[in-house]
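# Examining the three-dimensional arrangement
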Amino acid sequence: VPTFEWLGLTLTPVVSDWLARLEAGQGLPPLEPGVHELAYLAPQDDSAQPYYLHIPRSYSAKTPAPAIVYLHGYSPDLNKANWHLLPTGLTDLADARGYILIVPFARSNTDFQGIGETDVLHVLALAQQQLKIDPDRIFLVGYSMGGMGAYTIAAHAPDLWAGVVALCARADYYLWKGLDAE
């Protein structure tokens, strides 16, 4: 595979093409169906924050598609390079049903609280800019720690979600953290 140099970095042709488009003010090319690992610079601290987008084979930019925002569970080893925690078969199911799958990293093990919640909402907004998503068919799904985040985020922004699924979730943040709710 041929590579290219840019600012001392070795780039693949795809990355080189994307940089050329951005420098020319053309924006990024449309994303193809499949799983894409992307990142953005967080406005709060300029840190790079990764996220996944899975685009189903049936996706058409002409028709709004439903979406699932999936919040991962806790793992002590999570970091930006090691956070591949998609449940087996989730991308296959999303592909078969025509759902866009949005998976934020949300700074690892934040319980999707505070900055983690902010990151989830930011990634959803980015996905809505990149893809044609039906705002009336966005579902929030979380497993374990992600289920707790699903409870919290749904309570803070109930108008965003067509439905919420919390799997194996703890529901009481104060009890879990041993804090006084007062």
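### Examining the packing of helix H3 (residues 115–130) against helix H4 (residues 145–156)
Axis separation between H3 and H4 bottoms out at 11 Å; the angle between their running directions is 70°. If you check the angle between H3 and H4, you find them roughly perpendicular. The crossing of H3 and H4 is right-handed. Contacts from Glu-117, Val-120 and Leu-121 of H3 reach H4 at Thr-152, Ile-153 and His-156. Its residues placed into classes, the contact of H3 with H4 shows three nonpolar, two polar and one charged.

### Considering the environment of His-122
Residue position: His-122 is located in helix H3. With 82 residues separating them along the chain, His-122 and Tyr-40 place their C-alpha atoms 9.4 Å apart. Aside from chain neighbours lying at most four places away, what touches His-122 is Tyr-40 and Pro-43.

### A word on a nonpolar patch on the surface
A cluster of nonpolar side chains, contributed by Tyr-143, Val-165 and Leu-167, occupies part of the molecular surface with about 250 Å² of accessible area. You can see Val-165 is positioned in strand E8 (residues 163–167). Classification of Val-165 as partly exposed rests on a relative accessible area of 39%.

### Description of the packing of aromatic side chains
Under the counting rule described, the total for this entry stands at two aromatic pairs. Look at Tyr-40 and Tyr-51: their rings are 6.1 Å apart centre to centre, the planes differ by 55°, and that puts the pair in the tilted class. Placement of the pair is Tyr-40 in strand E3 (residues 34–41) and Tyr-51 in strand E4 (residues 48–55), with a sequence separation of 11 residues. With respect to class, Tyr-40 is no different from Tyr-51; both count as buried.

### Looking at unusual backbone geometry
Positioned with a positive phi, Arg-107 is a non-glycine residue whose angle comes to about 60°. The phi dihedral of Ser-108 is positive, around 75°, even though this residue is not glycine. Structurally, Ser-108 can be placed in the loop between strand E6 (100–104) and H3. Judged by relative accessible area, which is 13%, Ser-108 ranks as buried.

### Let's talk about the confidence of the model for the protein
The predicted coordinates of low-pLDDT regions are not to be read in fine detail. When pLDDT is averaged across the protein, the result is 88; 89% of the residues are at 70 or more. By mean pLDDT, the top-scoring element of the protein is strand E5 (residues 65–71) (98), and the lowest-scoring one is strand E1 (residues 4–6) (56).

### Some points on helix H2 (residues 90–97)
Considered for burial, the residues of H2 that qualify are Leu-90, Thr-91, Ala-94 and Asp-95. Summarising the axial view, the buried residues of H2 lie within an arc of 135°, below the 170-degree limit, and thus occupy one face. When the buried face of H2 is taken as reference, the exposed residues oriented beyond 90 degrees from it are Asp-92, Ala-96 and Arg-97. On its buried face, H2 sits against E3, E4, E5 and E6.

### Focus on the nonpolar core
Counting residues in each nonpolar core, the largest one holds 31 residues, and the members touching the most others are Val-69, Ile-102 and Trp-161. For this core, the elements supplying multiple residues, two or more each, are E3, E4, E5, E6, H3, strand E7 (133–143) and H4. By residue number, the principal contributor to this core is H3, which donates five residues. Once you skip the residues sitting within four places of it in the chain, Val-69 turns out to touch Ile-102, Pro-104, Val-120, Leu-124, Ile-138, Phe-139, Leu-140, Val-141 and Trp-161.

Here is what the cut-offs are and how they apply
- Residues numbered from 1 in each chain as written.
- Predicted model: local features only at pLDDT ≥ 70, side-chain atom pairs only at ≥ 80, totals over all residues.
- Heavy atoms only, no water.
- Axes fitted to C-alpha atoms, helices over the stretch in contact; angles between N-to-C directions.
- Helix = DSSP H or I, 4+ residues; strand = E, 2+ residues; numbered from the N terminus.
- Parallel < 35°, antiparallel > 145°, perpendicular 65-115°, else oblique.
- Left-handed = near helix turned anticlockwise from the far one by under 90°.
- Contact = heavy atoms within 4.5 Å.
- Nonpolar A, V, L, I, M, F, W, Y, C, P; charged D, E, K, R; others polar.
- Patch = residues over 30% accessible without salt bridge, like charges linked within 9 Å, V, L, I, M, F, W, Y side chains within 5 Å.
- Areas by Shrake-Rupley, 256 points an atom, 1.4 Å probe, with all protein chains shown as cover.
- Salt bridge = Lys/Arg side-chain N within 4 Å of Asp/Glu carboxyl O.
- Buried < 20%, exposed > 50% of the residue type's maximum accessible area, 1.4 Å probe, protein only.
- Phe/Tyr/Trp six-rings, centres within 6.5 Å; stacked < 30°, edge-to-face > 60°.
- pLDDT = per-residue confidence, 0-100.
- Arc of directions from axis to C-beta.
- Core = buried A, V, L, I, M, F, W, Y, C linked by side-chain atoms within 4.5 Å.

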